[in-house]
Amino acid sequence: MIIIFSHQFEYSTNVVIDWLKKYNVNYIRINSDENRYKLKEIDEEKIIFCDMFTKKEYNFLDAHSVWYRRGGISDRMLLGDDILSEYETNVCDPEVKKNLASQLDYLRKYIINKVFRNCSVKLGDPELRDLNRMMLYDLAKKKGFLVPNYTVLTHTDSINCALKKHGAIVSKSIANGLYHHTLNKRYYTYTEQINEIDTIDLKPKNIFPSLVSEKIEKTFEIRSFFLIKEFYSVAIFSQNDSQTSVDYRKYNKKIPNRQEAYIIDDKTKYNLLSIYNELGLNTGSADLIIDADNNVYFLEINPVGQFGSVSSAGNYKLEKKVAQYLIHGDFN
Amino acid sequence: MEKLTLEEKKLDELGMLPINHSRIYSNLVTDINEENKLIRYSSKYNTDLLRSGKPRKIISKTINYSLFDEE
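Residues numbered from 1 in each chain as written. Chains lettered and ligands numbered in written order. Predicted model: local features only at pLDDT ≥ 70, side-chain atom pairs only at ≥ 80, totals over all residues.

Visitor: Describe the overall build of chain A, listing the residues and the values that go with them.
Guide: Each helix and strand counted, chain A has eight helices and 18 strands in total. Taking 332 residues into account, the globule formula puts the C-alpha radius of gyration at 20 Å, and chain A, at 22 Å, falls close to it. Its C-alpha atoms give chain A principal-axis dimensions of roughly 60 × 55 × 40 Å. Per-residue burial for chain A yields a buried fraction of 31% across its 332 residues. In chain A, the share of contacts with a sequence separation of at least 24, taken over all contacts with a separation of at least 6, comes to 66%. (Helix = DSSP H or I, 4+ residues; strand = E, 2+ residues; numbered from the N terminus. Rg over C-alpha atoms; globule rule 2.2 N^0.38 Å. Buried ≥ 20, exposed ≤ 12 C-beta atoms within 10 Å, placed from the backbone. Contact = placed C-beta atoms within 7 Å.)

Visitor: With reference to specific residues and values, describe the overall build of chain B.
Guide: A count of helical and extended segments in chain B gives one helix and four strands. Beginning at the N terminus, the succession of helices and strands in chain B can be written as β-β-α-β-β. By residue count, 14% of the 71 residues in chain B fall in the buried class. Residue pairs at least 24 apart in sequence account for 17% of intrachain contacts in chain B once pairs closer than 6 positions are excluded.

Visitor: Describe the packing of helix α2 (residues 75-90) of chain A against helix α3 (residues 94-118) of chain A, and please don't skip the residues or the numbers.
Guide: What describes two packed helices is the angle between their axes and the distance between those same axes. Residues and elements named next belong to chain A. Where α2 meets α3, the closest approach of the two axes is 12 Å, and the angle between their N-to-C directions is 160°. By the criterion of interaxial angle, the relationship of α2 to α3 is roughly antiparallel. Like other packed secondary-structure pairs, α2 and α3 cross with a definite hand, here right-handed. Residues Asp 75, Leu 78 and Tyr 87 of α2 touch α3, and the partners they reach there are Leu 100, Leu 104, Leu 107 and Arg 108. A per-class count over the contact of α2 with α3 returns five nonpolar, no polar and two charged. (Axes fitted to C-alpha atoms, helices over the stretch in contact; angles between N-to-C directions. Parallel < 35°, antiparallel > 145°, perpendicular 65-115°, else oblique. Left-handed = near helix turned anticlockwise from the far one by under 90°. Nonpolar A, V, L, I, M, F, W, Y, C, P; charged D, E, K, R; others polar.)

Visitor: Would you mind going over the sheet that holds strand β8 (residues 150-155) of chain A in detail, with residue names and values included?
Guide: Adjacent strands of a sheet pair through backbone hydrogen bonds, lying either parallel or antiparallel. Residue and element names in this part refer to chain A. With antiparallel pairing, the four strands of this open sheet are ordered in space as β8-β13-β9-β12. Looking along the sheet, the strands with just one partner apiece sit at the ends: β8 and β12 (192-194). Sheet twist, expressed as the average angle between the axes of neighbouring strands with direction ignored, equals 40°. As paired strands, β8 and strand β13 (residues 206-214) are joined by five bridges and run antiparallel to one another. Each residue of the ladder has a partner; that of Leu 153, found in β13, is Ser 210. Most of the contacts of helix α5 (residues 157-166) go to β8, to which it runs at about 155°, and overall it touches β8, β9 (169-172), β12 and β13. (Pairing = 2+ DSSP bridges.)

Visitor: Which residues make up unusual backbone geometry, and what values do they have?
Guide: Residues and elements named next belong to chain A. One non-glycine residue, Asn 315, lies in positive phi territory at about 55°. Relative to the elements of secondary structure, Asn 315 occurs in the loop between α7 (308-313) and α8 (318-328). Non-glycine residue Lys 317 carries a positive phi angle of around 50°. By the secondary structure assignment, Lys 317 is in the loop between α7 and α8.

Visitor: How would you summarise the interface of chain B and chain A if you had to cite specific residues and measurements?
Guide: Contacts between chain B and chain A engage 23 residues on the former and 37 residues on the latter. Taken together, the elements giving at least two residues each to the side of chain B that touches chain A come down to β2 (23-28) and β4 (47-50) of chain B. No other element matches β2(B), which puts six residues into the side of chain B that touches chain A. Residues of the side of chain B that touches chain A, tallied by class, amount to twelve nonpolar, six polar and five charged. Across four bridges, strand β11 (residues 185-188) of chain A lies against β2(B) in antiparallel orientation. What sits directly across from A:Lys185, in β2(B), is B:Leu28.

Visitor: Tell me about the pairing of β13(A), and please be specific about residues and values.
Guide: Bridging between β9(A) and β13(A) involves four bridges; their strand directions are antiparallel. Looking across to β13(A), one finds that A:Lys172 is bridged to A:Leu211.

Visitor: I'd like a description of the environment of A:Lys38, backed by residues and values.
Guide: Tracing the sequence through the fold places A:Lys38 in strand β3 (residues 37-42). Discounting residues that sit within four places of it in the chain, A:Lys38 has contacts with A:Phe49, A:Cys50, A:Met52, A:Met77 and A:Gly80.

Visitor: Just give me the short version of the nonpolar core, but keep the residues and values in it.
Guide: All names here are of chain A. Residues Ile 3 and Val 115 are the most contacted members of the largest nonpolar core, which totals 59 residues. Here the element with the most residues in this core is α8; it accounts for five residues. When residues of this core are assigned to domains, at least three map to each of domain 1 (2-128) and domain 3 (218-303). Here Val 115 is in contact with Ile 3, Ile 47, Phe 60, Ala 63 and Val 66, once residues within four sequence places are set aside. One finds Ile 159, Ala 162, Val 170 and Ile 207 within the second-largest nonpolar core, a separate group that totals eleven residues. (Core = buried A, V, L, I, M, F, W, Y, C linked by C-beta atoms within 7 Å. Domains from an automatic or database assignment.)

Visitor: With reference to specific residues and values, describe the sheet that holds strand β7 (residues 121-123) of chain A.
Guide: All names here are of chain A. With parallel pairing, the four strands of this open sheet are ordered in space as β2-β1-β6-β7. The sheet terminates laterally at β2 (27-31) and β7, the two strands that pair on one side only. Adjacent strand axes in the sheet meet at a mean angle of 10°, parallel and antiparallel pairs treated alike. In terms of strand pairing, strand β6 (residues 65-68) meets β7 through three bridges, oriented parallel. Each bridged residue has a counterpart across the sheet, and for Ser 65 the counterpart in β7 is Val 121. Of the strands in this sheet, β1 (2-6) and β2 are in contact with helix α1 (residues 11-22), which crosses β2 at around 170°.

Here's what the structure looks like:
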């Protein structure tokens, strides 16, 4: 049996499941944003979850293979709807709430760790789902990559200093960008260029710590998916479209960026591999930029990044490879 | 991106927000209950899916006739 931790609407998970079906393999998909599975019992030899639709029970320790795609185990899966609603409405004391939340966290970590330790085939790592962007910059630099110079600004005066120092700068989120939805709107932030005009008449004052980095003029960018020991990359020609030139995720659906299969050079491969090895990750998506002088700049590694577009643009059939790895522990 | 609206703030107006919040994109969400009609459960994938692979997102809105009773 294979356990997949994911989210609802996670498309790559669906395609991997198509392949698992083709190979006639049993799997369980745990979506952290739904309430299909509910914890029933844990002891030293079993972790039993009940499928609330079929009433069938599964011992998660029967799994031989686990894929941490996204998500994890939600409070709802541990408590069930009735206790969860009581927990959310009736527990008012913040200290009690903090204590209960910490108990749930410990339980969640125990389950995921035990499942991962028990499985002979593992892909992804729940402990490494959020990598610290600035720590990753430092690690990439240590491993031989060029990294855009970055500054964390805490005062409006330092915005002009950063502009003078780097020429052109972009603002980034220190952690994940904003992805928030209210009852009637959804909000998003992207990497944005900060111009001198933005700083005219700016009063001197303290600001919320904000990450800016030198803007690298790219000739193209690369998204490289890493799976066990192999890299599968595509070049994304986003530089000539004003909508996508700073952040290609501002997709132009009318005239999409051209994407082509790309083989990264041995030095880049070696540098990336040594980052993955140091982190202890066996999969992830790296973003790189190639500048006018053919220098490779490291931007980030997302351990749970999307790889569907790399798979289709590069014709790599990555979802099939993921399925084969989950079944056999290799690609045969 | 075509349907996203840019909500831009001058750096001076950010208050306690970080600089990367000076440009926030947003799009309107219709009633979540209406959006849910576009979704079905797939037992094959063990998850909710959009009804169509390429949904046109045209939603049939429910009319509350009681609103017209007074007219």
